[in-house]
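# Reading the structure
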Amino acid sequence: MRIVGGNLGGRVLRAPGGAATRPTSEKVREAVFNIVGSVAGDRVLDLFAGSGALGIEALSRGAAHATFIDAARPALIAIRGNLRELGLEDRATVVAGDAVASAARHQPEGPWRLVFVDPPYRSDLATRAVLALPSEHLAARAMVVIEHDRRNAPPDALGSLLRTDQRRYGDTLISFFIRSPGTVTGGPA
């Protein structure tokens, strides 16, 4: 598994051992970032981070900071190892804990402009995690990107977030959410 773009493009990422983690493919990551556009200077949250590939991809493409949340020990070891090997530790925070509870409790240094949510398939964890995020922790132009299977698509609206796009890559679906117009926010664009 490799980083697709940015200043670290082509570098190898390690994935957690075992079958519990399903890393986002390079093809899907490239497509997601083509849709998301520039992340330069943004703060990013990677929920159910696994290998950290999505957040690390954002850092490679110029994000200012990424927060990685996962509960699985193998995932945390992989994320920390990837950050260390790539020299990104100073631009990252790794939180060990349940993604839903940690999303609600974690106090970021600034609002997140981009949130990746990639929970185990066949669960409602994506919906629960996004609804747990305090709105003041999201930037005015926040985008939430949820990876899911077709049988467990999140609803079209998650609180103040509205689905604006959905793409299919084999059995993987990616849903893109942005704040509905007029939503009060806790941070700058």
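Worth saying up front: this structure is predicted, and the values here are computed from it rather than measured. (Residues numbered from 1 in each chain as written. Predicted model: local features only at pLDDT ≥ 70, side-chain atom pairs only at ≥ 80, totals over all residues. Heavy atoms only, no water.)

## As for the overall build of the protein
When helices and strands are counted, the protein shows five helices and eight strands. For the protein, the sequential pattern of α-helices and β-strands runs α-β-α-β-α-β-α-β-α-β-β-β-β. In terms of overall size, the protein behaves like a compact globule, its C-alpha atoms giving a radius of gyration of 15 Å where 189 residues would be expected to give roughly 16 Å. Each principal axis of the C-alpha atoms in the protein carries an extent, and together these give about 40 × 35 × 30 Å. By residue count, 52% of the 189 residues in the protein fall in the buried class. Expressed as a percentage of contacts within the protein between residues at least 6 apart in sequence, the contacts between residues at least 24 apart total 66%. (Helix = DSSP H or I, 4+ residues; strand = E, 2+ residues; numbered from the N terminus. Rg over C-alpha atoms; globule rule 2.2 N^0.38 Å. Buried < 20%, exposed > 50% of the residue type's maximum accessible area, 1.4 Å probe, protein only. Contact = heavy atoms within 4.5 Å.)

## Points about helix H1 (residues 26-36)
For H1, the set of buried residues is Val28, Arg29, Ala31, Val32, Phe33 and Val36. Those residues of H1 that are buried are in contact with helix H2 (53-60), strand S4 (112-117), strand S5 (138-149), strand S7 (161-169) and strand S8 (172-179). Following H1 by one or two positions, Gly37 adopts a phi angle in the positive range, close to 85 degrees.

## Observations concerning unusual backbone geometry
Even without glycine at this site, Phe48 takes up a positive phi of about 55 degrees. A positive phi angle is found at Arg122, which is not glycine, with a value near 60 degrees. With respect to the helices and strands, Arg122 occurs in the loop between S4 and helix H5 (125-132).

## Here we look at the confidence of the model for the protein
On average, residues of the protein score 90 in pLDDT, and 93% of them are at 70 or above. The model gives residues 185-189 a pLDDT under 50, and that stretch makes 18 contacts with residues more than four places away or in other chains. (pLDDT = per-residue confidence, 0-100.)

## Some remarks on H2
In terms of burial, H2 is largely enclosed, as eight of its eight residues are buried. Those residues of H2 that sit buried are Ala53, Leu54, Gly55, Ile56, Glu57, Ala58, Leu59 and Ser60.

## Topic: the environment of Gly5
Positionally, Gly5 belongs in the segment before H1. With residues up to four places along the chain from it excluded, the contact list for Gly5 reads Glu57, Ser60 and Arg61.

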